[in-house]
Amino acid sequence: MIWLDYLCQAKKGSSGLESRKIDVLIPDGESVFSLAVLHGLSQADEKFRVHLISQNRCSPVRFSRYIESFTLCPEEDEARLHCILRAIRERGIDILLPVHELGLKFVVKHKTRLESLVRIPPIADADSFALVSDKGRLAHFLEAHNLASPCTLRYIPPHDVPDLTALQFPALIKPAEGANGRGIKRFETASSLLEYFEAEAVDEDYIIQNYIDGYDIDCSVLCSDGEILAYTIQKGLAVGCGDYQAPTEIEFLHDQAVYDLVSRMLRKLSWSGVAHIDLRYDAVSGKINIIEINPRYWGSLPGSLIAGVNFPHLACLATQNISFLAPDYHHVKYAAAKAALRLIRDKIFKGVKTDIRIGDTDLPNVLKDPLPEIVRLFFRC
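What you see is a predicted model; the values in this text were computed from it and never measured. (Residues numbered from 1 in each chain as written. Predicted model: local features only at pLDDT ≥ 70, side-chain atom pairs only at ≥ 80, totals over all residues. Heavy atoms only, no water.)

> I keep staring at the sheet that holds strand β6 (residues 171-175) and nothing clicks. Help me out?
Sheets are built from strands paired through backbone hydrogen bonds, the pairs being either parallel or antiparallel. If you walk across this open sheet you meet the 4 strands as β5-β8-β6-β7, and the pairing is antiparallel. Taken across any chain shown, the strands that pair with only one partner, and hence form the sheet edges, are β5 (152-155) and β7 (185-187). Strand-to-strand twist in this sheet, taken as the mean axis angle between neighbours without regard to direction, amounts to 25°. Relative to β7, β6 runs antiparallel, the two being bridged by 3 bridges. Following the sheet pairing, Leu172 is matched in β7 by Arg186. Across the sheet, helix α8 (residues 190-199) lies against β5, β6, β7 and β8 (206-210), angled at about 135° from β7, the strand it touches most. (Pairing = 2+ DSSP bridges. Helix = DSSP H or I, 4+ residues; strand = E, 2+ residues; numbered from the N terminus. Axes fitted to C-alpha atoms, helices over the stretch in contact; angles between N-to-C directions. Contact = heavy atoms within 4.5 Å.)

Set out below in structure tokens:
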């Protein structure tokens, strides 16, 4: 791995970060969302000098031209804490900015020791994280507070099968704690669902929900004590690799019903920090339903930036107690880099029309900062 260290040193020689004034430390650089957060900070009006800590020596974001320093950190909890504390002191860190759920929970756990040395953005407490991270508990919370959501039952293996008579079919099963479509399956009848649980050696809790015929519509937020500081709303245009994975093409739009429902829920939770809320429009009833909450940054974060809301920058402003008006955002379409390349290919070779422009994709960020994608592709291959 000597070539990795050499590549980093060569990259840092031309980074041009000497003029940056606010030192920000991302403590969970192994996260797939850290690069999008970094790109958001690089485009802010304020000058940031970004430092990275990661458990992964080969984390692609390490090779970004916008990274000032990299520290390899152990996985064990107490050793990781000492590594972060040492970096805060030695690098003169002003703001600690976790980006992923595990990193956020780690900061919450050690908040007392950390905030004595560094500023921390708005962040939920441990109980709130535990609540929204468990789809079963979240469904119970939504029902208790009369917040629209699909009928939800819980299955606790191996024999605690709930009464399915209250459920309408088709229905979906999901791991109670999971993300990015993992483990989601659809069943047309109660008997086929029960047969699946009997045949499979399921070793984790699941939830069972009514399938809602309609479309996905999501809301991304930055909050403080239940009040929304900034938000964007997006509708999926093209599904990801699997039927239940995040869409690769989205459209940003305004929807008052979505905003009102999300606002009510966040106030009930007294939520602080960032979150990405998955919702679904019911084509039969015409209602919006809350599906789940991802208490972290999200994959379409570059799209929010193109639409006009720089969430990482605003989080840093909130950290410094700098007030700001919730920025309005544009109605634009966005495609991730891989989807954008596919659209360009289809337009050139198949004559397929698209109204998504290059500037409305993640390709400009990749072209300006190519090394992380090159490293990512290298290890994938």
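Moving on from the model shown.
> Even after reading the chapter, I still don't get unusual backbone geometry, so can you show me in this structure?
Most peptide bonds adopt trans geometry, and most residues besides glycine take a negative phi value. Looking along the chain, the bond that leaves Phe169 and enters Pro170 is cis, with omega of 10°. The residue Pro170 is located in the loop between β5 and β6 in this model. Not every positive phi belongs to a glycine, and Asp225 is a case in point at roughly 50°. We note that Asn321 has phi near 60°; this positive angle belongs to a residue other than glycine. Examined against the element boundaries, Asn321 turns out to sit in the loop between α11 (311-319) and β14 (333-335).

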